[in-house]
Amino acid sequence: MPQMSRQLELPFEKRGEAPTVERSVEAASATKGSGHLGSAELMERVLSRPNLRAALKRVKSNRGSPGIDGMTVEELPAHLRAIWSGLRDQLLAGTYQPQAVKRQQIPKSGGGVRELGIPTVLDRFIQQALLQVLQPRFDPSFSSHSYGFRPRRSAHAAVKAARDYVQSGRRYVVDVDLEKFFDRVNHDVLMSRLARRIADRRVLGLIRRYLEAGVMANGVVVDRHEGTPQGGPLSPLLANVLLDEVDKELERRGHAFVRYADDCNVYVRSRRAGQRVMELLRRLFARLRLRVNETKSAVDLAWKRKILGYSFWTGPGRTIKLRVARKAIDALKDRIRRTTRRSGGRSVTQVVAELRKYLPGWSQYFALAETPGVLADLDKWVRHRLRALHLKQWKRGRTVFREMRSRGASVVVAAQVAANTRRWWKNAALYLHTTLTTRYFDELGVPRLRPVTSTLRTARCGPARRVVWEGPPV
C-alpha cells in the first residue's frame, strides 16, 4: 500500500526527502518575497517544489470551469504526472507554448457583456506558480492607494478610505472609467514595464506568450494583439503593474485617491480642481495607450457617484455614511426576479436554494451599508415575491383554501384568497403575510439582507430597571 501511494505522488511532491539549502531558500523566496526580480534564475524559483505544491493546491481550491481542452481540475494531477518531465524542460528552456483561452461572456448590469478568457487548467497552474513568485516582489512597491487584487487589501478598505476623504472635506470626485481596459492593454507598453523589473528572459517570454495566446470563439482560434483577458491568475497583477505608473504620479502630486483595478476615484475640494485632475489623468492614460470612457467618467459631487457598488449620504452632524448604490440595488432586484419568477417550473425549496447561493454573499459584501431600513425593505420585497410564488404553485382555489387553513388563516380570509387565485401579487400583500410569516421563511432558510439582531426592551419596575428579552423580530 505505501508503494502505491508513492506512485500517486506528483514529481514535485516526493516525501521523506530532507530539503536542501537551495530548496529552503527557494521556499522562503516564494512566500516572503526575499530576493529580487533582477535574478536570472527566476524561472527556477517558479519551478521550485514548495511553490509548485502551493500553486496546485490553490488551483484545486479555486476550481473553475475547463478551458478549450475540456480538462477539469480533478484531472490535472494525473495529467501532470504524465507530462511533467517534458513540461519542466520546456519551461526551463523558454519554449513552452500556452494554449488558447476559451471565450466566455457575462452580461453586465448596465447592458452589454464582459468578456472573460478562461485558460486551460494546466495554464492556470503555471500562471498561479508565476503569480506566487512575482506578487510578493512587486506588491511592496505598489502604491498604498491601490486596493485591487492585493494581499491583505480589499474593496471594503477602498470604500472606507474614500469615505474618509469625503469626510475630510473633499466633496468632489474625479470618477474615471477606462474604456474596455482589460481588452485594450497594449502588450508592448506592459512588457516594457515588466522588463524594468524582471531580468529572466524566460519569464518575460512566457508572460508575452500568455498575452498573445489566441481566443477560441465558435470553434476558431482568433489571434490577440492587445489586451490581457480576465479569467487567468496573472491578469490582476499585470493590471496593477501597468497602472502603478499612474498611481505614482498622483502620489507625487499629493492627491487623495482610491484605485481598485481599473476603477480610479480622485477626491478634491472643488470642481475646478477636479477638472485639472481629469485632464492630468487623460494624459497619463494616453501615455499608456489607454482610453478614458468619457460617457461614464465625470467630475461631480461625491454622493452623486458610486464606488465599488457603494454611494454616500450625509447623516446627523454632517457625518458621511455609506449606502448601497441604486445601480447595485437594481441589479439585485433583477437577479431575484429571475430567480423567483412564477413561470420557472421549480419548487419553492429549489428557489430558496438558489437564493441561499447568492444573497449571503451580497449581504456580506454590502455589510458596510449604514441603511438598515433599506435592507429591511428589500427583505420584505423578497418575502413578498416568495408568497406570490406560493400562491401560483397552489393553483386551484381548493388547494389555496386548504393550505391557508392549515397555516392558521381564518375561514373568511382563506375563502377570499381562494376566490381570486390569479391575483398573486395583491393577495400576497394583503393576506399571506399573516400565514406565510417572516418566521416561516426563516425556518425555510431564506437569507436576510439585514442581519437578524435580537432586540432588548428596557422596562421600568419600581425604582429599578429590568431588561426583557424579546427575541428576534417575526
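Cut-off values and rules
- Residues numbered from 1 in each chain as written.
- Predicted model: local features only at pLDDT ≥ 70, side-chain atom pairs only at ≥ 80, totals over all residues.
- Heavy atoms only, no water.
- Buried < 20%, exposed > 50% of the residue type's maximum accessible area, 1.4 Å probe, protein only.
- Helix = DSSP H or I, 4+ residues; strand = E, 2+ residues; numbered from the N terminus.
- Pairing = 2+ DSSP bridges.
- Phe/Tyr/Trp six-rings, centres within 6.5 Å; stacked < 30°, edge-to-face > 60°.
- Expected span 1.5 Å × (residues − 1).
- Arc of directions from axis to C-beta.
- Salt bridge = Lys/Arg side-chain N within 4 Å of Asp/Glu carboxyl O.
- Bend = angle between axes of the 7 residues up to and from the residue.
- Contact = heavy atoms within 4.5 Å.
- Axes fitted to C-alpha atoms, helices over the stretch in contact; angles between N-to-C directions.
- pLDDT = per-residue confidence, 0-100.
- Core = buried A, V, L, I, M, F, W, Y, C linked by side-chain atoms within 4.5 Å.

### Here we look at the pairing of strand β10 (residues 320-324)
By the alternation rule, side chains of β10 split into I320, L322 and V324, which are all buried, and K321 and R323, of which none is buried. Looking at chain direction, strand β9 (residues 310-314) and β10 are connected through five bridges and run antiparallel. Considered in β10, the bridge of F312 is made with L322. Between β9 and β10, which follow one another and run antiparallel, lie five residues, and G317 among them has a positive phi close to 70 degrees.

### Describing the packing of aromatic side chains
Scanning the model with the defined rule gives nine aromatic pairs in all. Measuring from centroid to centroid gives 5.1 Å for Y310 and F366, while their planes differ by 50 degrees, and the two rings are tilted. Taken together, the positions of Y310 in strand β9 and F366 in the loop between α14 (348-365) and α15 (372-394) put the pair 56 residues apart, joining distant regions of the chain. Here Y440 and F441 contribute two aromatic rings whose centre-to-centre distance is 5.1 Å and whose plane-to-plane angle is 70 degrees, an arrangement assigned as edge-to-face. A residue is classified by how much of its surface remains accessible, and F441, at 1% relative accessible area, is buried. Ring pairing ties together the aromatic residues Y310, W362, Y365 and F366, which thus form one cluster.

### As for helix α4 (residues 49-62)
Its 14 residues place the ends of α4 20 Å apart at the C-alpha level, agreeing with the 20 Å of an ideal helix rising 1.5 Å per residue. Among the residues of α4, R49, N51, L52, A55, L56 and V59 are the ones counted as buried. Seen from one end, α4 has its buried residues packed into an arc of 160 degrees, which puts them on one side. The exposed residues of α4 that point more than 90 degrees off its buried face are K57 and S61. Backbone geometry just downstream of α4 places R63 in the positive-phi region, at approximately 55 degrees.

### Focus on the pattern of salt bridges
Per the counting criterion, the structure on display carries 22 salt bridges. Across the pair E249 and R252 runs a salt bridge whose closest N-O atoms are separated by 2.7 Å. Of this pair, E249 and R252 both sit in helix α11 (residues 235-252), three residues apart, roughly one helical turn. For R346, the salt bridge identified is with E354, shortest N-O distance 2.6 Å. For R346, a relative accessible area of 16% translates into the label buried. Here the salt bridges share partners, and the residues they tie into one network are E44, D200 and R202.

### Details of helix α5 (residues 76-93)
The largest bend in α5 is about 70 degrees, located at I83. Burial in α5 covers these residues: L76, P77, L80, W84, L87 and L91. In the core, the buried residues of α5 are packed alongside α3 (42-46), α4, α6 (121-138) and α10 (201-212). Positioned one or two residues after α5, G94 has a phi angle of 75 degrees, which is positive.

### Overview of the sheet that holds strand β3 (residues 172-177)
Taken in spatial order, the four strands of this open sheet run β6-β7-β3-β8, and their pairing is antiparallel. Of all strands in the sheet, those with a lone pairing partner are β6 (256-260) and β8 (298-301), marking the two edges. The sheet shows a mean angle of 20 degrees between the axes of neighbouring strands, direction not considered. Examined bridge by bridge, β3 and strand β7 (residues 263-268) share six bridges and lie antiparallel to one another. Within β7, the residue paired with V173 across the bridge is Y267.

### Quick word on the confidence of the model for the chain
Should pLDDT be low for a region, the predicted coordinates there are not to be read in detail. For the chain, per-residue confidence averages 83 on the pLDDT scale, and residues scoring 70 or more make up 81% of the total. Looking at the elements of the chain, mean pLDDT is at its lowest for strand β12 (residues 464-471), recorded as 33, and at its highest for helix α7 (residues 155-167), recorded as 97. The low-confidence segment residues 15-35, where pLDDT is below 50, has 23 contacts with residues more than four positions distant or belonging to other chains. Throughout residues 454-474 the model reports pLDDT below 50, and contacts reaching past four residues in sequence, or to other chains, amount to 24 contacts.

### A short note on unusual backbone geometry
Although it is not a glycine, R152 sits at a positive phi angle of roughly 60 degrees. Within the element layout of this structure, R152 appears in the loop between α6 and α7. At K180, a residue that is not glycine, the phi angle is positive and equals roughly 45 degrees. The topology assignment puts K180 in the loop between β3 and α8 (181-184).

### Some thoughts on the nonpolar core
In this structure, F125, L194, I207 and L281 are the most contacted members of the largest nonpolar core, which totals 70 residues. Here the element with the most residues in this core is α6; it accounts for ten residues. Setting aside residues no more than four positions away along its own chain, L194 makes contact with F138, L204, I207, L238 and V241. Core analysis: the next-biggest nonpolar cluster, separate from the first, contains 54 residues, A256, Y260, F312 and F366 among them.

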